[in-house]
Amino acid sequence: MAQLKLILLDFDGTLAATREANARAYIAALSEFGVELSMEEYNARFFGMRCMEFMKSVGIESAEEACKVRRRKIELYPNYFDTVTLNTPLWEWCQMMRRGGAKVWIVSTGHVDNITNVMRYLRIEDGVDGIITGDDVTRPKPHPDCFLKAMEIEGCFPSETIIFEDSEIGLSAAKSSGAQYVRIEL
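Residues numbered from 1 in each chain as written. Predicted model: local features only at pLDDT ≥ 70, side-chain atom pairs only at ≥ 80, totals over all residues. Heavy atoms only, no water.

Enquirer: In this structure, what is going on with the overall build of the protein chain? I would like to understand it.
Expert: The helix and strand tally for the protein chain stands at 8 helices and 7 strands. Principal axes of the C-alpha set define a box for the protein chain whose edges measure 55 × 30 × 25 Å. Taken over 186 residues, the protein chain has a buried fraction of 46%. For the protein chain, restricting intrachain contacts to residue pairs at least 6 apart in sequence, the fraction spanning at least 24 positions comes to 70%. Accessible surface computed for the protein chain: about 9,400 Å², of which carbon and sulfur atoms make up 48%. (Helix = DSSP H or I, 4+ residues; strand = E, 2+ residues; numbered from the N terminus. Buried < 20%, exposed > 50% of the residue type's maximum accessible area, 1.4 Å probe, protein only. Contact = heavy atoms within 4.5 Å. Areas by Shrake-Rupley, 256 points an atom, 1.4 Å probe, with all protein chains shown as cover.)

As structure tokens, then:
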């Protein structure tokens, strides 16, 4: 590997353990729209699904209604931040590398508002150089486009980049980017 210049971090499940908060916020939002789910059912059947696929699976067919649920989920999400934890060893390592000149980016399929709200709650919002979400690229993960975009913005090659990911979709995108990658399990 060439000199490390760029660190790309998935957010949910890699940098922050947000699974419970996301699940509770979705369950609460869906309840307001007449869809009842238990935590067990959400975890067993829907965890990791893309938003629109998830909405259709629970009977929310229209894009407009799905957007309403998603917006309400974002509003409710901070109510569950007490269940969120930071991957402190990874964060501290990234900050050490950043002090040495490396750039640190969040690259996630999560919604930017969710990410920035959690980062603010964890008091880490000043520790990254940028955020790219699936909304910022034409082809989100499992395609490598989001990782390649961060590399392009920073003027880095895959050989100068390391990616931290937790999901199979994210790992597939990381591998396709040509960069080194590390699987994280929180």
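From this point, the discussion proceeds with the structure in view.
Enquirer: So what exactly am I meant to see when it comes to the packing of aromatic side chains here?
Expert: One pass over the structure, following the stated rule, counts 7 aromatic pairs. Here Tyr26 and Phe54 contribute two aromatic rings whose centre-to-centre distance is 5.1 Å and whose plane-to-plane angle is 85 degrees, an arrangement assigned as edge-to-face. On the criterion of sequence distance, the pair formed by Tyr26 in helix 1 (residues 19-32) and Phe54 in helix 3 (residues 51-57) is long-range, its members being 28 residues apart. Between the aromatic rings of Trp93 and Phe164, the centroid separation amounts to 5.6 Å while the plane-to-plane angle is 65 degrees, which identifies the pairing as edge-to-face. Of this pair, Trp93 sits in helix 5 (residues 88-99) while Phe164 sits in strand 6 (residues 161-165), and the two are 71 residues apart along the sequence. Under the relative-accessibility criterion, Trp93 is labelled partly exposed at 28%. Joined through ring pairs, the aromatic side chains of Tyr26, Tyr42, Phe46 and Phe54 make up one cluster. (Phe/Tyr/Trp six-rings, centres within 6.5 Å; stacked < 30°, edge-to-face > 60°.)

Enquirer: I would appreciate a short explanation of the packing of helix 7 (residues 145-154) against helix 8 (residues 168-177) in the present structure.
Expert: How two helices sit against one another is set out by the angle between their axes and by the gap between those axes. The geometry of helix 7 relative to helix 8 is characterised by a closest axis approach of 8 Å and an angle of 45 degrees between their N-to-C directions. As far as their axial angle goes, helix 8 and helix 7 are oblique. Within the contact between the two elements, helix 7 uses Phe147, Leu148 and Met151 and helix 8 uses Gly170, Ala173, Ala174 and Ser177. Taken together, the residues of the contact of helix 7 with helix 8 break down into 5 nonpolar, 2 polar and no charged. (Axes fitted to C-alpha atoms, helices over the stretch in contact; angles between N-to-C directions. Parallel < 35°, antiparallel > 145°, perpendicular 65-115°, else oblique. Nonpolar A, V, L, I, M, F, W, Y, C, P; charged D, E, K, R; others polar.)

Enquirer: How do you make sense of the environment of Leu86 when you look at a structure like this?
Expert: Along the chain, Leu86 falls in strand 3 (residues 85-86). When sequence neighbours within four positions are dropped, the list of residues in contact with Leu86 reads Leu15, Ala16, Trp91, Leu122 and Ile124.

Enquirer: Would you mind showing me how to read the sheet that holds strand 4 (residues 103-108) here?
Expert: Within a beta sheet, neighbouring strands are joined by backbone hydrogen bonds and run either parallel or antiparallel to one another. The strand order across the open sheet built from 5 strands is 5-4-1-6-7, with neighbouring strands paired in parallel fashion. In this open sheet, the two edge strands, each paired with only one partner strand, are strand 5 (130-133) and strand 7 (180-183). In this sheet, adjacent strand axes meet at a mean angle of 20 degrees when their direction is disregarded. Strand direction decides the pairing type here: strand 1 (residues 6-9) and strand 4, joined by 4 bridges, are parallel. Within strand 4, the position partnered with Leu6 by the bridge is Lys103. Sheet strands touched by helix 6 (residues 112-122): strand 4 and strand 5. Its angle to strand 5, the strand with the most contacts, is close to 145 degrees. Relative to strand 4, helix 7 is tilted by about 155 degrees, and along the sheet it contacts strand 1, strand 4, strand 5 and strand 6. (Pairing = 2+ DSSP bridges.)

Enquirer: What should I look at first to understand the state of the cysteines in this one?
Expert: In protein chemistry, a disulfide is the covalent bond that joins the sulfur atoms of two cysteines. As enumerated under the stated definition, the model contains 0 disulfides in all. For Cys51, which is in no disulfide, the shortest distance to another cysteine sulfur is to Cys67 and amounts to 7.6 Å. Sulfur of Cys146: no disulfide; nearest cysteine sulfur belongs to Cys156 and is 16 Å away. (Disulfide = S-S within 2.5 Å.)

Enquirer: Is there a simple way to think about unusual backbone geometry in this case?
Expert: In terms of backbone geometry, most residues other than glycine have negative phi values and most peptide bonds are trans. With an omega dihedral of 25 degrees, the bond running from Lys141 to Pro142 counts as a cis peptide bond. Residue position: Pro142 is located in the loop between strand 5 and helix 7. In this structure, Arg123 is a non-glycine residue whose phi angle is positive, near 60 degrees. Residue position: Arg123 is located in the loop between helix 6 and strand 5. Overall, the relative accessible area of 74% leaves Arg123 in the exposed class.

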